[in-house]
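Listed below are the residues making up each chain.
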Amino acid sequence: ICTSVPLDGDMCAASAPGTGSAEELKSTVLQLRETVLQQKETIMNQKETIRELTAKLGRCESQSVLEALPGEGKGGGAGRKGGFSKNTMGDLMNSSSQTNNLKDILQNKIDDLEKQVLSRVNSLEEGKFNPKNESEERGKIESTLTSLHQRISDLEKGQKDNRPPDRFQLTFPLRTNYMYAKVKKSLPEMYAFSVCMWMKSNASPGMGTPFSYAVPGQANELVLIEWGNNPMEILINDKVAKLPFVINDGKWHHICVTWTTRDGVWEAYQDGTQTGSGENLAPYHPIKPQGVLVLGQEQDTLGGGFDATQAFVGELAHFNVWDRKLSPGEVYSLATCSTRALAGNVIAWAEANIDIYGGATKWTFEACRQ
């Protein structure tokens, strides 16, 4: 628009050729004026928008103050508008921010708990089929069963105090490889013996092993067993004699087996009556001492190696051992619960002589109650 003019030049003469024609100058001035008018209009529109937004903001602030101060009247709310509007909006923004923060914290906690639960479930599923864990779990179950037995024994203490020490029975309800009883005493060296007991079972096939006596180097030193579909057998030093017992009918029966090392002669009694006899059963082999006597399981190793298929299932009582051959009259007295019946001079049936394991239980023996 402007053109410099030399100090010695004619301003009027120089302006026309330097700036172009008057029409061009007029057109430029009009463009500038139009631009200024457009900018003014834009500024006015923006001011109107600002006023509208300010009004809306004021209404929102007034409503927030009224809700925040429900105890005051409208006038009080309006009177506080100017002084609290800014703070109220700030408080609302802070409250919203705190709420979002709390949501985030709670969600994080929930996520952590879900991770912990999933981790625990995975670890349990991984350990479910671990043989070691299974063995540990079975040990815990056995311990619990033994503890329950002890509690039952404590509850029966009053009965024990009032009954003879031999008035009890052992119960083996399941065919397992861990439920058994152990006689605290061992057997001495014997050249003859009589073993008598009461038994009750309806287990099939075979009631299992009422007792087994093992010594170092010989697990089958003296065993009474009925397994599978075989008849009951007496084993002495791995030599076998079949016994004519029929007792797995779920009723109490009294049985006795006598033996002498001379010629290996044996006799079998059921319910006081002799039902069988024989000879040449481990002749001239004395029963060895310092062994382990177990009730309810067959030993494959000294004091262990139990097999569930050979476990005794049922009830057992009055297990007595003598180091001589009983007479038929003495056996009959035992089978009829006579007061003249003698207790075993090697092993006598008494609670103090028996330890139980794996959940086998002791109950009051009722078979001989008159």
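Residues numbered from 1 in each chain as written. Predicted model: local features only at pLDDT ≥ 70, side-chain atom pairs only at ≥ 80, totals over all residues. Heavy atoms only, no water.

J.: What exactly am I supposed to notice about the nonpolar core here?
T.: One finds Leu187, Leu295 and Phe319 to be the most contacted residues of the largest nonpolar core, which totals 50 residues. Per-element tally for this core: the top contributor is strand E3 (residues 192-200), with five residues. Apart from residues no more than four positions distant in its own chain, Leu187 is found in contact with Tyr213, Leu222, Ile287, Lys288, Pro289, Gln290, Leu293, Val321, Val346 and Ile347. By size, the runner-up hydrophobic cluster in this structure holds seven residues, among which are Cys196, Leu326, Val331 and Leu334. (Core = buried A, V, L, I, M, F, W, Y, C linked by side-chain atoms within 4.5 Å. Buried < 20%, exposed > 50% of the residue type's maximum accessible area, 1.4 Å probe, protein only. Helix = DSSP H or I, 4+ residues; strand = E, 2+ residues; numbered from the N terminus. Contact = heavy atoms within 4.5 Å.)

J.: When you look at the layout of surface pockets in this model, what are you seeing that I'm missing?
T.: Empty space among the atoms becomes visible once a probe the size of a water molecule is rolled across them. In this structure, the largest pocket spans a volume of roughly 430 Å³. Around the largest pocket, the lining comprises 18 residues; the ones closest to its centre are Asp166, His318, Cys337, Ser338 and Ala341. Sorting the residues of the lining of the largest pocket by element identifies E3 and strand E12 (314-322) as the ones contributing at least two each. (1 Å grid on protein atoms, 1.4 Å probe; cavity = no way out; pocket = protein on both sides within 12 Å on 5 of 7 lines; lining within 4 Å. Points joined across faces, edges and corners; volume = space filled by probe spheres on them.)

J.: Please explain the sheet that holds strand E11 (residues 292-295) as it appears in this structure.
T.: Across a sheet, strands are paired by hydrogen bonds formed along the backbone, either parallel or antiparallel in direction. With antiparallel pairing, the seven strands of this open sheet are ordered in space as E7-E6-E5-E4-E11-E2-E13. Strand pairing shows two members of the sheet lacking a second neighbour, strand E7 (239-242) and strand E13 (354-357), which therefore form its edges. When strand polarity is set aside, the average angle formed by the axes of neighbouring strands in this sheet is 20°. (Pairing = 2+ DSSP bridges. Axes fitted to C-alpha atoms, helices over the stretch in contact; angles between N-to-C directions.)

J.: Just to check I follow, could you spell out the confidence of the model for the chain for this structure?
T.: Interpretation of this model should avoid reading the predicted coordinates in detail wherever pLDDT is low. Here the chain shows a mean pLDDT of 80. Residues at 70 or above account for 70%. In this model residues 14-19 is a low-confidence stretch, pLDDT under 50, and it forms six contacts with partners more than four residues away in sequence or in other chains. For residues 71-86, every residue scores under 50 in pLDDT, and the model assigns this stretch twelve contacts once sequence neighbours within four places are set aside. (pLDDT = per-residue confidence, 0-100.)

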